[in-house]
Amino acid sequence: MENLTFQQISAEILKKSLKSVELTQHIFGRIDKLESKIGAFISLFRERALAKAVDIDRRLAEGAPVGPLAGIPVAIKDNMCTGFGATTCASRILGKFSSPYNAHVVDQLEDADAVIIGKTNMDEFAMGSSCENSALQTTVNPWDINRVPGGSSGGSAAAVAAGLCYAALGSDTGGSIRLPASFCGVVGLKPTYGRVSRYGLVAYGSSLDQIGPISRDVYGAAALLNVIAGHDRRDSTSVDESTAPVKDYVKNLDHPVENLKIGVAQEFFDVEGLDPEVEKAVREALQTYEDMGVALIEVSLPYMKYAIAAYYLIATAEASSNLARYDGVHYGHRTSRPKDYIDVYSSSRAEGFGDEVKRRIMLGTYALSAGYYDAYYLKALKVRNLIRRDFEQAFEKVDCLMCPTAPETAFKLGEKTDDPLKMYLSDIYTIAVNLAGVPGISIPCGLSSGNLPIGLQIITPAFSEAKLLRIARMFEKETEHHLSKPFC
Amino acid sequence: MDVKLIAGLEIHVQLATKSKLFCGCKVGFEDPPNSNVCPVCLGLPGVLPLMNKKAYEYAVRTALALNCQMARFTKWDRKSYYYPDLPKNYQISQYDLPLSHDGYMEIPLEDGTTKKVRIIRAHLEEDAGKNLHEGLDHSRIDLNRTGTPLLEIVTEPDLNSPVECRILAQELQKLVQFLGVSEANMQKGHMRFEPNINLQIIDDDGREYRTPICEVKNLNSFRALERAVAYEEWRQLEEWKHDHDFTLEKMGKQNRGWNDARNETIFQREKEEAHDYRYFPEPDLVPVELDDDWLEKIKAALCELPLAMKQRFIQDYELNDYDAGVLTADRATAEFFDGAVKAGGSAKRAANLVTQFGLKTAHERNCRVNELGVTVEQVAQLAQLVEEGAVSSSAAITIFEKMLTDESDPKAIAEKHNLIQQSDAGALEAIVDEVIAANLQAAEEVKSGGKKAKKARGFLMGQVMQKTKGQANPKIAGELLDGKLKE
């Protein structure tokens, strides 16, 4: 069953030739076999999922209507609130927090009749590039269990890669969907900022966070985006459909984009630490497009090199404020014997947050402090505007940009945990996309000599996900990289 | 030595919206603790604020009435501080781009003049919850109030006495009630004041000193406001007298609290120790753009302001300051009275009817004058009957009372109850003659103009009234009587 694509599985269920219950049981069978090695899930909803599958099968048998994701087992990153089970953000500070409400995307998945099988591991509060900042467990890369799955949506990417679900939701603030997708050899899409409601997504960097799909192939990503995209009045930053209508992302997916012009910037290949094998695979991918008759055009993004610096001020500033609410007063972890009420805050937070989260809270607090605001936060906002302009200017000439998703393939567990700056550089290709607010996708474009996946990142203008997915799909149809699977 | 008090006010006004500023929860603190809450105002993980458009309109309406410049583009900012009643540990407020700025408010002073007090800014923000300190070992938190819309109004330090501070606060209360944007109920804490006070002292040698600026936090009554400012005025002068180094340059600013029972302010902290609030733009809300259409719509909801109305009543209707003040104390009364005058009633008579009977009755019935069931037309007609002398002032009150349950026009009511005044001079003359004939001694006393004249005349008038069952027009009867007793 794991050799069937998302599209095939969906068709089989609708045809009733495959029961959702069988599929769900099959998936849990794989989980029973592999999860102890992979560690992708923080929680599993076996009974709930099976009950949902039974219900879908019954409705199909009765000829009653079902949603577009009927019967498909999917997973959710554990920073999206669910009114069932716990929502942990892979942090100790939330304790066994159980949300009284569903995130918008969770409701959308439920309404679409997807079968939610569990919630996946991540870097604590989505802060990290390797998934090693989870306070709860380790997730490994299914391609090499000594390596990281990438982060922060590492659990979702690993679960999809290992065939423990057919698709998953991740969230992406600086590359947290695309980087793990690249490391795990799957497709990961970060939609335009404002395309998907953030209501119920536990905030990290509010002006950058965006929820998106991770799947085996582009079709799966398109099918999930179809369900989660759209305006939600509870999220003021989700864009009104009169401004940017939601398209049917599946409908014309197989139509190649005509007269496609791909922008390539020299800056993409000047990055220090770019693995030659990654560069080679990406250049081959560009060649594949050229062979299809697509034009490659030289563009320049001169301000992209400042993206990481700007990001670590903006994201951390927002994070320092977003995470202020975890204080031991109202919910979550509270220190056992506080000296006074100030100590409730300081000790609860000291005990509850991991090192990377503390580092970012301190960085952000510093950046927003009186006397430093102009030099750091305000300056970073200006850089952000320049980066945005870089993209706008490039998109006047080309339909999309292509570059590596990450400068290297999945690194070893523990390799970068002592060197945060080195870790931050993993996101050098993805961060600018969040700062500009545009959509980006990572698709598999080859394997390294060590048999590790390499990702190609494609970036298009705001709200052009339909085109972005079609461009990605063009590559998929010409190649078989997306069919490669880890051995586990 | 010359001492001048310099004070500015920071005022928080709770807006009378049905729901909170950033979620759909009901505004209601009387309900059981933590019953008007939802994930958004509880600050649970993953929630996002959604702006209450009505609150924004109320804020703009008030700012317009305060003659403020309206910002066409404003944004929200987060103000960070840790406190148990603030679940997100930041408050959504407005920092560098408030929705309005640079206005002024005209306040009436006790000497009959008015004073312009400049307004620095007015902006919207959310209120915090409430900590209930119950015992030594624990406190409880009620988050019903969390997220209630507050309008913060900041004045320039243009106030120069405790009374001026109080008057500004009271005028503002009247203003927001007039505008219908706040109940401004002091008992319910709908208005809170924080005066900034210092003194400018010029000593006998012409040297100028400025005492440290003190901000007295969280005053919730006009009385406390006036007294706290007065206390500071006294205290700061005493401190300066004691030590001339008690100056702003040397001591900086400080926050003080108000102890109502002891009638004094208490030191809280130096401003230098003040929080660094780490303001930054709220990324979860989009900036607000006030376009022409929206602004026009809000302007259309504006009404005549209380002070302007009071001045119009004095000028155009020739009311005295006191009556004009009473009639413009709330919008319903003012508009009811104004309506009666516009419907043709004598302003003076209508004013008497409304102040002497209408307001008293409304107060007894715990309603507004316009809710008594009497129309402005009825009051106008009644006022005219008094003006023409057809009914006496006291009969008018009786008629007003009947009108509460009788929809007939006042003239019909007067006739039905024999309350029409005897104004026929011929008929009255006969009665006056009769009374004089029966009370010759009193008549003589009046004629003689001695000590007892006044009392005797009163007695004779009383007799006339008795004979006419109170229906004699006192003016005509009095003239007749005086004419006869002059001979």
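Residues numbered from 1 in each chain as written. Chains lettered and ligands numbered in written order. Predicted model: local features only at pLDDT ≥ 70, side-chain atom pairs only at ≥ 80, totals over all residues. Heavy atoms only, no water.

Quick one: what's the story with the overall build of chain B, residue by residue and with numbers?
Along its length, chain B carries 17 helices and 17 strands. With the principal axes as the frame, chain B shows a C-alpha extent of 90 × 60 × 50 Å. Every one of the 487 residues in chain B was classed for burial, and the buried ones make up 53%. The contacts in chain B between residues at least 6 apart in sequence include a share of 68% that link residues at least 24 apart. For chain B, the exposed surface amounts to about 22700 Å²; the carbon and sulfur share of it is 48%. (Helix = DSSP H or I, 4+ residues; strand = E, 2+ residues; numbered from the N terminus. Buried < 20%, exposed > 50% of the residue type's maximum accessible area, 1.4 Å probe, protein only. Contact = heavy atoms within 4.5 Å. Areas by Shrake-Rupley, 256 points an atom, 1.4 Å probe, with all protein chains shown as cover.)

Provide a residue-level description of the sheet that holds strand β10 (residues 440–447) of chain A, including the pertinent values.
Residues and elements named next belong to chain A. Read across the sheet, 11 strands follow the order β1-β3-β2-β4-β6-β5-β10-β11-β9-β7-β8 without closing on themselves; strand pairing throughout is mixed. Strands at the two margins of the open sheet, each flanked by one partner only, are β1 (41–44) and β8 (295–299). Here the average twist between neighbouring strands, direction ignored, is 30°. In the packing of helix α16 (residues 465–478) onto the sheet, the strands contacted are β5 (187–190), β9 (400–404), β10 and β11 (453–459), and the crossing angle to β10 comes to about 10°. (Pairing = 2+ DSSP bridges. Axes fitted to C-alpha atoms, helices over the stretch in contact; angles between N-to-C directions.)

Break down the interface of chain B and chain A for me, citing the residues and quoting the values.
In this complex, chain B contributes 29 residues to the contact, which on the side of chain A involves 39 residues. Where chain B meets chain A, there are one salt bridge. Two residues, R198 of chain A and D284 of chain B, come together in a salt bridge whose shortest N-O distance is 3.0 Å. At the junction of chain B with chain A, the criterion picks out 18 residue pairs in polar contact (both at pLDDT 80 or more). (Salt bridge = Lys/Arg side-chain N within 4 Å of Asp/Glu carboxyl O. Polar contact = N/O pair within 3.5 Å; in protein donor to acceptor, adjacent residues only side chain to side chain.)

Could you give me a rundown of the nonpolar core, with the residues and numbers involved?
A general trend in soluble globular proteins is that nonpolar side chains are found buried together. Of all hydrophobic cores here, the largest spans 165 residues; its most connected members are F125, Y289, F391 and I458 of chain A. In this structure I458 of chain A touches Y289, C400, L401, M402, P439, G440, I441, I443, L468, I471 and A472 of chain A, once residues within four positions along its chain are discounted. Ranked by size, the runner-up nonpolar core spans 108 residues in total, among them I153, A169, W294 and V391 of chain B. (Core = buried A, V, L, I, M, F, W, Y, C linked by side-chain atoms within 4.5 Å.)

Tell me about the packing of helix α9 (residues 331–342) of chain B against helix α11 (residues 376–388) of chain B, and please be specific about residues and values.
Residue and element names in this part refer to chain B. Between α9 and α11, the least distance of the axes is 8 Å, while the angle of their chain directions is 55°. By the angle between their directions, the pair α9 and α11 is classed as oblique. Relative to α11, α9 is oriented so that their crossing is right-handed. Taken together, the residues of α11 that come into contact with α9 (itself represented by F336, G339 and A340) are V376, V379 and A380. Taken together, the residues that form the contact of α9 with α11 break down as five nonpolar, one polar and no charged. (Parallel < 35°, antiparallel > 145°, perpendicular 65-115°, else oblique. Left-handed = near helix turned anticlockwise from the far one by under 90°. Nonpolar A, V, L, I, M, F, W, Y, C, P; charged D, E, K, R; others polar.)

Explain the domain arrangement of chain B to me, and be specific about the residues and the numbers.
All names here are of chain B. Taken domain by domain, chain B holds domain 1 (2–289), domain 2 (304–416) and domain 3 (425–486). Centre-to-centre separation of domain 1 and domain 2, based on C-alpha positions: 37 Å. Every contact between the two is made by 12 residues of domain 1 and, on the other side, 11 residues of domain 2. Across the domain 1 to domain 2 interface the summed buried area is about 880 Å²; carbon plus sulfur atoms make up 71%. Applying the counting criterion to the domain 1 and domain 2 interface returns zero salt bridges. Across the contact surface, domain 1 and domain 2 share one residue pair in polar contact (both at pLDDT 80 or more). When residues of the side of domain 1 that touches domain 2 are traced back to their parent elements, those giving at least two are β6 (100–108) and α3 (162–179). Among the elements that make up the side of domain 1 that touches domain 2, the one with the highest residue count is α3 (six residues). Looking at the side of domain 1 that touches domain 2, its residues break down into six nonpolar, three polar and three charged. (Domains from an automatic or database assignment. Buried area = accessible area lost by both parts, 1.4 Å probe.)

Mind laying out the sheet that holds strand β4 (residues 77–80) of chain B, listing which residues take part and the relevant values?
Residue and element names in this part refer to chain B. Spatially, the three strands line up as an open sheet ordered β5-β4-β16, and their pairing is antiparallel. The open sheet terminates on both sides in strands that have one partner only, identified here as β5 (90–93) and β16 (280–281). Note that β4 and β16 share two bridges and pair antiparallel. Bridge pairing in β16 links D77 to P281.

So what's going on with the pairing of β5 of chain A? Residues and values would help.
Looking down a regular strand, the side chains alternate between one sheet face and the other. Residue and element names in this part refer to chain A. Burial along β5 is two-sided: V187 and L189 and G188 and K190, pointing in opposite directions, are all buried. Sheet topology places β5 next to strand β6 (residues 210–215); two bridges connect them, and they run antiparallel. Its bridge partner lying in β6, G188 is registered against I214. Where β5 meets β10, three bridges bridge the pair, whose relative direction is antiparallel. When the sheet's bridge partners are listed, K190 is paired in β10 with G440.

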